[in-house]
Amino acid sequence: MTADPVRARVRLSAEDRRGQLIAIGLRLLVSRPIHELSIHEVAAEAGISRGLLFHYFPTKRDYYAAVVRAAGQRLLRHTRLPDEGGREERVRAVVGGFTGFVRRRRANYVALVRAGAGGDELVVEVFEGIRATLAERILTALGEPSPDPLVRLAVRGWLAMAEEMAIEAGEEVAAEELVGFLVDGLGRLLAPLGAPLAPPR
C-alpha cells in the first residue's frame, strides 16, 4: 500500500517549512506564470495538506508574493553595491552582477518578470520594489542619492533596456562587451542631465 504523503510528512520548524514551500514555488515558477501555480501541487510536493499551507501563508496571494520576493532577493544578492571605488567602477559592478545573474538564470528571471506583469497588485508591488532597489543602487553608485526626477526616470528607463538586453543576449555577445556597452550608454544618457558617470578630466 502506498503511504499517504500528507501523513508521512516530515516535521519541520515553521521557518524551515516556509522556506521549503517557497523553494518549491521558485522551482515551479520557471515553467509557468505565478498565477498558474497550483497551491494543491505545492502542498502535495511538500507532503502537507493544502489547509496546512495556509497556516504558513494566510492567502494564496501572500504565498505568491513570498515566492516573488525570494526570487528578487536572489537577484539583489548578486547586485550588491561595492563600498569602495569610483562612480564608474561601482556602476560597472552592479551592472555586471545584474546582467550576469540574468544571463546565467534566464528562465528564472523571465519567470520573475512574468510574475511582475501578472496583474496581481501585491505581486506587482513586490516586483516593483525589486526594480526600485536596483535603480537606487545605480543612483547611489553615481553619487545621486536624491536625484532630479528626470535623472531618476532616465535610470529606470535605462535599467529596462539593460534588463531586455541581458535577457536576449546570446552566447555571441561576451559578458564584458555587454556590460561595457550598458555602462557607456548610461554615461551618455546622463551627461546632458548633469549627472556624468565619470568625473570631468
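Residues numbered from 1 in each chain as written. Predicted model: local features only at pLDDT ≥ 70, side-chain atom pairs only at ≥ 80, totals over all residues. Heavy atoms only, no water.

**Thoughts on the packing of helix H5 (residues 87-104) against helix H8 (residues 149-168)**
Point 1. Where H5 contacts H8, the axes come no closer than 8 Å and their chain directions differ by 40°. Here H5 is positioned oblique relative to H8, judged by the angle of their axes. Considering only the axes of H5 and H8, their crossing is right-handed. Contact residues: H5 offers Val 95, Phe 98, Thr 99, Val 102 and Arg 103, while H8 offers Trp 158, Leu 159, Ala 162, Glu 163, Ala 166 and Ile 167.
Point 2. Of the residues contributing to the contact of H5 with H8, the split by class is eight nonpolar, one polar and two charged. (Axes fitted to C-alpha atoms, helices over the stretch in contact; angles between N-to-C directions. Helix = DSSP H or I, 4+ residues; strand = E, 2+ residues; numbered from the N terminus. Parallel < 35°, antiparallel > 145°, perpendicular 65-115°, else oblique. Left-handed = near helix turned anticlockwise from the far one by under 90°. Contact = heavy atoms within 4.5 Å. Nonpolar A, V, L, I, M, F, W, Y, C, P; charged D, E, K, R; others polar.)

**Things to note about the confidence of the model for the protein**
Point 1. This prediction gives the protein a mean pLDDT of 85; 90% of its residues lie at or above 70.
Point 2. For the protein, the element scoring lowest by mean pLDDT is helix H6 (residues 106-116), at 76; helix H9 (residues 175-190) scores highest, at 95.
Point 3. Long-range and interchain partners of residues 1-8, a stretch whose pLDDT sits below 50, account for four contacts in this model, where long-range means more than four residues apart. (pLDDT = per-residue confidence, 0-100.)

**Structural notes on the packing of helix H1 (residues 14-29) against helix H4 (residues 60-77)**
Point 1. At a closest axis distance of 9 Å, the pairing of H1 and H4 adopts a crossing angle of 80°. By the angle between their directions, the pair H1 and H4 is classed as roughly perpendicular. For the pair H1 and H4, contact is made by Leu 21, Ile 22, Ile 24, Gly 25, Leu 26 and Leu 29 and by Tyr 63, Ala 66, Val 67, Ala 70, Ala 71 and Arg 74, respectively.
Point 2. Each residue belonging to the contact of H1 with H4 can be placed in one class, and the counts come to ten nonpolar, one polar and one charged.

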